[in-house]
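The primary structure of each chain is shown beneath.
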Amino acid sequence: AALREGYEHFDPRAYLRNNYLPPRADFSSEEFVVPWKLRCLAETFASGEIRGRTLIDVGSGPTIYQLLSACDHFEEIVATDYLAVNREELGRWARGEPGAFDWSPFIQHVCKIEGRGEPWQDKERRLRARLRRILPIDVHRPEPLGAPLRPPADALLSAFCLEAVSPDRAAFQRALAHVGNLLRPGGHALLLGALGESFYLAGPARLPVVPLEESDVREALAAAGFALRELRSYAMPPALRTGVDDVDGVFFAHAQK
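The rules we used
Residues numbered from 1 in each chain as written. Predicted model: local features only at pLDDT ≥ 70, side-chain atom pairs only at ≥ 80, totals over all residues. Heavy atoms only, no water. Axes fitted to C-alpha atoms, helices over the stretch in contact; angles between N-to-C directions. Helix = DSSP H or I, 4+ residues; strand = E, 2+ residues; numbered from the N terminus. Parallel < 35°, antiparallel > 145°, perpendicular 65-115°, else oblique. Left-handed = near helix turned anticlockwise from the far one by under 90°. Contact = heavy atoms within 4.5 Å. Buried < 20%, exposed > 50% of the residue type's maximum accessible area, 1.4 Å probe, protein only. Pairing = 2+ DSSP bridges. Right-handed = clockwise from strand over helix to strand, strands pointing away. Salt bridge = Lys/Arg side-chain N within 4 Å of Asp/Glu carboxyl O. Expected span 1.5 Å × (residues − 1). Polar contact = N/O pair within 3.5 Å; in protein donor to acceptor, adjacent residues only side chain to side chain.

Caption draft 1: Local environment of the packing of helix α5 (residues 104-114) against helix α6 (residues 120-130). Orientation of α5 relative to α6, taken along the N-to-C sense of each, is 110°, at an axis distance of 9 Å. Taken together, α5 and α6 sit at an angle that is classed as roughly perpendicular. As α5 runs across α6, the sense of the crossing is right-handed. Contact residues: α5 offers Ser104, Ile107, Gln108, Val110, Cys111 and Glu114, while α6 offers Trp120, Lys123 and Glu124.

This is the structure in structure tokens:
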């Protein structure tokens, strides 16, 4: 209940400014956090192993960067978020409305690291075409979408969601198991999340986060019925500790149900 109340004050634009503009969204070096996240995803999807009909993005927030490498490998991408303001922000971008957040530097960078010489506008059009549904979700319910996804998703992606909406590690573990219900057996899960973070700011909202260590991520995945394939971590450098959170680092996990 306290978490829900806090999120009523969540400001998507403030969140985007804090995390997806410079200094954090600096593409001049792979040492910065946003290029690191994009490379983790690009390299994992480049294997060609993670593909299928549907990918579900759990807790998309107001962001689409996490879907840029995924959109080449799935017929449909389903974005989800608990907050209507985030779903509205996503919808503005998907429809190409004036005033939507400018993700073009992210798209250009992903095209560069994927190295296929593709015009970035083609990737932007493809993601918009495949982002067909933006749905409400509550990861604390055993059926997060209110009903089973039919057919189940071939892959699951979630970036900076579960640890930010769970009051403790046990709730984080349960939420991971709940979203795992959306995935078919053998399906792949890709997680990006915060390490050692206890709060973050989004406008007037100061939101609590479960401080996770790598061992917590491993334990939660195992308890939720996932086999861990890869776990990477990134230490947040002093220059990117801007006061909008107290994050120590970021993890990237690839697991299979």
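Caption draft 2: Expanded view of the pairing of strand β4 (residues 153-159). With seven of its seven residues buried, β4 lies for the most part within the structure. In this structure, strand β1 (residues 52-58) lies alongside β4, joined through four bridges in parallel fashion. Looking at the pairing, Ile56 lines up with Leu156 of β4. Pairing between β4 and strand β5 (residues 183-195): six bridges, direction parallel. Opposite Ala153, over in β5, you have Leu183 as the bridge partner. In this region the chain leaves β4, passes through helix α7 (residues 169-180) and returns to the parallel neighbour β5; the handedness of that crossover is right-handed.

Caption draft 3: Seen up close, the pattern of salt bridges. Per the stated rule, a full pass over the model turns up 24 salt bridges. Among the salt bridges present, the one from Arg39 reaches Glu43, with a minimum N-O distance of 3.5 Å. Of this pair, Arg39 and Glu43 both sit in helix α3 (residues 33-46), separated by four residues, roughly a single helical turn. With relative accessibility at 39%, the residue Glu43 sits in the partly exposed group. A salt bridge links Glu124 to Arg128, with the shortest nitrogen-to-oxygen separation between them at 3.3 Å. Highlighted residues: Glu124 and Arg128, both in helix α6, separated by four residues, approximately one helical turn. Take Arg128: its relative accessible area is 25%, and that puts it in the partly exposed class.

Caption draft 4: Up close: α7. The first and last C-alpha atoms of α7 sit 17 Å apart over 12 residues, in line with the 16 Å expected at 1.5 Å per residue. For α7, every residue scored as buried is listed here: Ala171, Phe172, Ala175, Leu176, His178, Val179 and Gly180. Contacts made by the buried residues of α7 are with β1, β4, β5 and α8 (214-223). The opening residue of α7 is Asp168, an N-cap whose side-chain oxygen sits 3.3 Å from the backbone nitrogen of Ala170.

Caption draft 5: Spatial organisation of unusual backbone geometry. For the peptide bond that leads from Pro22 to Pro23, omega is 10°, which places it in the cis range. Note on placement: Pro23 falls in the loop between α2 (12-20) and α3. The omega angle of the peptide bond from Arg150 to Pro151 is -10°, so this bond is cis rather than trans. Here Pro151 is to be found in the loop between β3 (131-136) and β4. For Phe160, which is not glycine, the phi dihedral falls at a positive 55°. In this structure, Phe160 sits in the loop between β4 and α7.

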